[in-house]
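# Coordinate inspection notes
Given next are the chains, with one letter for each unit.
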Amino acid sequence: MPSEAKAAETYVEKPRTLAELRADLISGRTKATDLASSYYERIEKKNPRLNVYLSLTKERALKQAERVDALAAKGDPLPALAGVPVGIKDVLVMQGAPATAGSKILQGYRPPYDATAVAKLDAAGAVLLGKLNCDEFAMGSSTENSAYGPVRNPVDTERVPGGSSGGSAAAVAANLAVATLGSDTGGSIRQPASFCGVVGVLPTYGRVSRYGLIAFASSLDRVGPFAANVRDAATLLGVIAGHDAKDATSSAAPVPDYAAESDKPLKEPGKAGLRLGVPAEYFAEGLDDEVRAAIEGGIAALKAAGCTVKPVSLPHTKYAIPTYYLVATAEASANLARFDGVRYGYRSAESEILSSLYRHSRDEGFGAEVKRRILLGTYALSAGYYDAYYLKAQQVRRLLAEEYLRAFAEVDAIVTPTSPMPAFKLGEKTGDPLAMYLADIYTVTASLAGICGVTVPCGTTQAGLPVGMQVLAAHLHEGTAFRVARAVESAHL
Ligand code: GLN
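Residues numbered from 1 in each chain as written. Predicted model: local features only at pLDDT ≥ 70, side-chain atom pairs only at ≥ 80, totals over all residues. Heavy atoms only, no water.

### A look at the site of the ligand
As a matter of local geometry, the ligand sits amid 15 residues, with Thr185, Gly186, Ser188, Tyr324 and Arg373 nearest to it. Here an oxygen atom of the ligand sits 2.7 Å away from a polar atom, N or O, in the side chain of Ser188. A distance of 3.4 Å separates an oxygen atom of the ligand from a polar side-chain atom of Tyr325. Its free accessible area being 290 Å², the ligand has 100% of it covered by the protein chains. (Near = heavy atom within 4 Å. Polar contact = N/O pair within 3.5 Å; in protein donor to acceptor, adjacent residues only side chain to side chain. Areas by Shrake-Rupley, 256 points an atom, 1.4 Å probe, with all protein chains shown as cover.)

Okay, structure coming up:
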């Protein structure tokens, strides 16, 4: 253990904060072009071991950095993310850059447009470094399902970074980007952020446009940021959130100043402190003792900072995993039908005849986990089984959502562990898909309910593995979640 931990140490590095970078750019102490080059140098050194980046977009990044330098030289006002080096999960499209979604079936595909979240980062002056590794079509909890090899956790390179946005979390933990974008369908931002010791945000469903996100399960998919601290994550969300005419499910609600929200204390003068709920169902059997102790320490710190804490009940939590894996696979089976060997990417050399080209391309192009889910989802949707599985799952989904709404009538935020265990070893769960699915127990309910949340580092285990606290809030109450997360961060647990 000690030698492993020592060897891994060199991979963990904290990026500078957005405020520091901004001050340095404005004063001329740092140039955006030098900053971008220094990130590419580090990527060259560390990426061979970590396997975080699948492709780099140097030309675009350097052009943007030059634009920022020109603005700074003239003394013009800099946009919110001017010069900030950012990485993008490979399920989000960038014009002209490869977009594999971690799958062989999209090999060679270069989309002709930017995802809305990417375009917004670009307009805010961010320097987009490249595309980040992930589980194939965002299906997984360890980034071991990528067709391009697993990502290693910078904290301990023998361990997984979590998934499916493992590349996005590891990139921030190793300072191979100041911030990144990921996607979360059932935990894919929150769980890897917790495994790598960084901050991850699950925005309310519809808060960030899904336009240009390669679909996994459309009623669950969200785009969200990773950063090394809560305030920076809040700033990024403020940039990418908002209504988008290209996504009919995007919310028209105004976008608050999330960074300012995160600055607010838990107890404002003359007002009652925030009310926190702790659900017993999230501290039951199966929770690692060290994770439990770390989260309890976090809750004690929140109390000390002025919160009131009370138990809340979420009794349907036990049905969350089967419900999620029915809804998500059903939607995936429909969404993935478009990968036919004709329209995008990989085409089998086995056949020229359209009907068998489809079969061969999908057989060769998809990995085992994706095929398993297409089968499961097709089964759940088939005549004769639809009522028993898909319809039932939708009904339970509604119950889960109502349960949260009832709880949020009494408390402002709910705190739980993000994952029942810290980062596990590479290969530890690959032979047992069910064990892998069960690792999502604390994240899938918020996905099904459409509510928002933030995961924030909350102490470490004795072996030095990060533990994440999940802070959940009602629809469109991201500001509250940031505020609570900020207090956990300030407690230096
Ligand atoms: N681990 C979950 C799954 O495999 C969640 C993935 C995600 O959020 N994209 O489906």
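### With respect to the packing of helix α3 (residues 32–50) against helix α4 (residues 58–74)
α4 packs onto α3 with a crossing angle of 150° between their chain directions and a minimal axis gap of 7 Å. Taken together, the axes of α3 and α4 are roughly antiparallel relative to one another. Here α3 contributes Ala32, Thr33, Ala36, Ser37, Tyr40 and Glu44 to the contact with α4, which in turn contributes Lys58, Ala61, Leu62, Ala65, Glu66, Val68 and Asp69. When grouped by side-chain class, the residues that make up the contact of α3 with α4 number 7 nonpolar, 2 polar and 4 charged. (Axes fitted to C-alpha atoms, helices over the stretch in contact; angles between N-to-C directions. Helix = DSSP H or I, 4+ residues; strand = E, 2+ residues; numbered from the N terminus. Parallel < 35°, antiparallel > 145°, perpendicular 65-115°, else oblique. Contact = heavy atoms within 4.5 Å. Nonpolar A, V, L, I, M, F, W, Y, C, P; charged D, E, K, R; others polar.)

### Considering the pattern of salt bridges
Across all of its chains, the model carries 25 salt bridges by this definition. Across the salt bridge formed by Arg483 and Glu268, the nearest N and O atoms sit 3.8 Å from each other. Remark: Glu268 occurs in the loop between α9 (258–263) and β7 (275–279) and Arg483 occurs in helix α17 (residues 478–490); sequence separation between them is 215 residues. (Salt bridge = Lys/Arg side-chain N within 4 Å of Asp/Glu carboxyl O.)

### A short note on the environment of Ala337
With respect to the helices and strands, Ala337 occurs in the loop between α11 (320–335) and α12 (354–365). Residue classification places Ala337 among the partly exposed positions, given a relative accessible area of 32%. C-alpha separation for the pair Ala337 and Ser194, spaced 143 residues apart in sequence, amounts to 32 Å. Residues in contact with Ala337, not counting those within four places in the same chain, are Arg343, Tyr358 and Arg362. (Buried < 20%, exposed > 50% of the residue type's maximum accessible area, 1.4 Å probe, protein only.)

### Focus on α3
In this model α3 runs 25 Å from its N-terminal to its C-terminal C-alpha over 19 residues, within 8% of the 27 Å that 1.5 Å per residue would give. Maximum bend of α3: about 35°, positioned at Glu44, with proline Pro48 one to four residues after it. Those residues of α3 that are buried are in contact with α2 (18–27), β1 (53–56), α4, β2 (85–89) and β3 (127–132). Of the residues flanking the end of α3, it is Asn51, one or two places downstream, whose phi is positive at about 60°. (Expected span 1.5 Å × (residues − 1). Bend = angle between axes of the 7 residues up to and from the residue.)

### Points about the nonpolar core
Leu121, Phe137, Leu302 and Met469 are the most contacted members of the largest nonpolar core, which totals 148 residues. For this core, the element with the most residues is α11, which contributes 8 residues. Apart from residues lying up to four places away in sequence, Phe137 is in contact with Ala101, Ser103, Ile105, Leu106, Ile214, Phe216, Leu336, Phe339, Phe366 and Val370. Within the second largest apolar cluster, 5 residues are counted, among which are Val160, Phe195, Ala423 and Met436. (Core = buried A, V, L, I, M, F, W, Y, C linked by side-chain atoms within 4.5 Å.)

### Concerning the packing of aromatic side chains
Applying the stated rule across the entire model yields 15 aromatic pairs. Between Tyr109 and Tyr344, the aromatic rings sit 5.2 Å apart at their centres with planes inclined by 90°, giving edge-to-face as the arrangement. Of this pair, Tyr109 sits in the loop between β2 and α5 (116–123) while Tyr344 sits in the loop between α11 and α12, and the two are 235 residues apart along the sequence. Assessed through its relative accessible area of 25%, Tyr344 is described here as partly exposed. Every member of this aromatic cluster is reached through a ring pair, and the members are Tyr109, Phe137, Phe339, Tyr344 and Phe366. Above the face of the Tyr40 ring, Lys58 is positioned so that its terminal group lies 5.3 Å from the ring centre. It is Lys429 that lies over the ring of Phe424; its NZ or CZ is 5.0 Å from the centre. (Phe/Tyr/Trp six-rings, centres within 6.5 Å; stacked < 30°, edge-to-face > 60°. Lys NZ or Arg CZ within 6 Å of the ring centre and 35° of its normal.)

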